[in-house]
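Close look at the chain arrangement
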Amino acid sequence: QVQLVESGGGLVQAGGSLRLSCAASGRTFGSRAMGWFRQVPGKEREFVAGISWTGGDIHYADSVKGRFTISRDNAKNTVYLQMNSLKPEDTAVYYCATADVPMVVRGLFNYWGQGTQVTVSS
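Our subject in this report is the structure included herewith.

Among the nonpolar cores identified, the biggest contains 26 residues, and W36, L81, M83 and Y94 are the most heavily contacted of them. The set of elements that each furnish at least two residues to this core consists of strand 1 (2-7), strand 3 (18-26), strand 4 (34-39), strand 5 (46-51), strand 7 (68-73), strand 8 (78-83), strand 9 (92-99) and strand 11 (116-121). Broken down by element, the residue count for this core peaks at 4 residues, all from strand 3. In this structure, F37, A97, V104 and F109 belong to the second largest nonpolar core, which totals 7 residues.

Take a look at the structure:
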């Protein structure tokens, strides 16, 4: 089993920035793809970004390309999501996720953090 804990959410004005962090413990952080998802009430959980074990394969949702950057520091067992130029429609609970495979395959993320709230005001 692996435990994921997100942090860094908060309230920010449109156009501002936040950096989310996800600390992993339990099973080894290496050899796992990592990702970020988000969810708003009444909608399904949405894929935001994913990164392979080595960092060489990165995927983004079209809605966040050019604004968000995912990265990881395997020595610190931590994955990050840098969010710039935030928009009100980015408001959601953001969840960190991981898979039992090293490459990004959206349907294989199977462990989830507790979520952190991001609210973007107009």
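There's more to say after this.
Moving on, we come to the side chain of T78. Secondary-structure assignment places T78 in strand 8. On the basis of relative accessible area, T78 is assigned to the buried category, the value being 10%. Polar side-chain contacts of T78 include one of 2.9 Å to the backbone oxygen of K76.

Here a disulfide denotes a covalent bond joining the sulfur atom of one cysteine to the sulfur atom of another. Counted according to the given criterion, the structure contains 1 disulfide. Between C22 and C96 runs a disulfide, and the two sulfur atoms are separated by 2.1 Å. Judged by the torsion about the S-S bond (-80°), the C22/C96 disulfide is left-handed. Note that C22 is positioned in strand 3 and C96 in strand 9, a separation of 74 residues in sequence. Taken individually, C22 and C96 each receive the classification buried, so the pair is uniform in this respect.

Analysis parameters
Residues numbered from 1 in each chain as written. Predicted model: local features only at pLDDT ≥ 70, side-chain atom pairs only at ≥ 80, totals over all residues. Heavy atoms only, no water. Core = buried A, V, L, I, M, F, W, Y, C linked by side-chain atoms within 4.5 Å. Buried < 20%, exposed > 50% of the residue type's maximum accessible area, 1.4 Å probe, protein only. Helix = DSSP H or I, 4+ residues; strand = E, 2+ residues; numbered from the N terminus. Polar contact = N/O pair within 3.5 Å; in protein donor to acceptor, adjacent residues only side chain to side chain. Disulfide = S-S within 2.5 Å.

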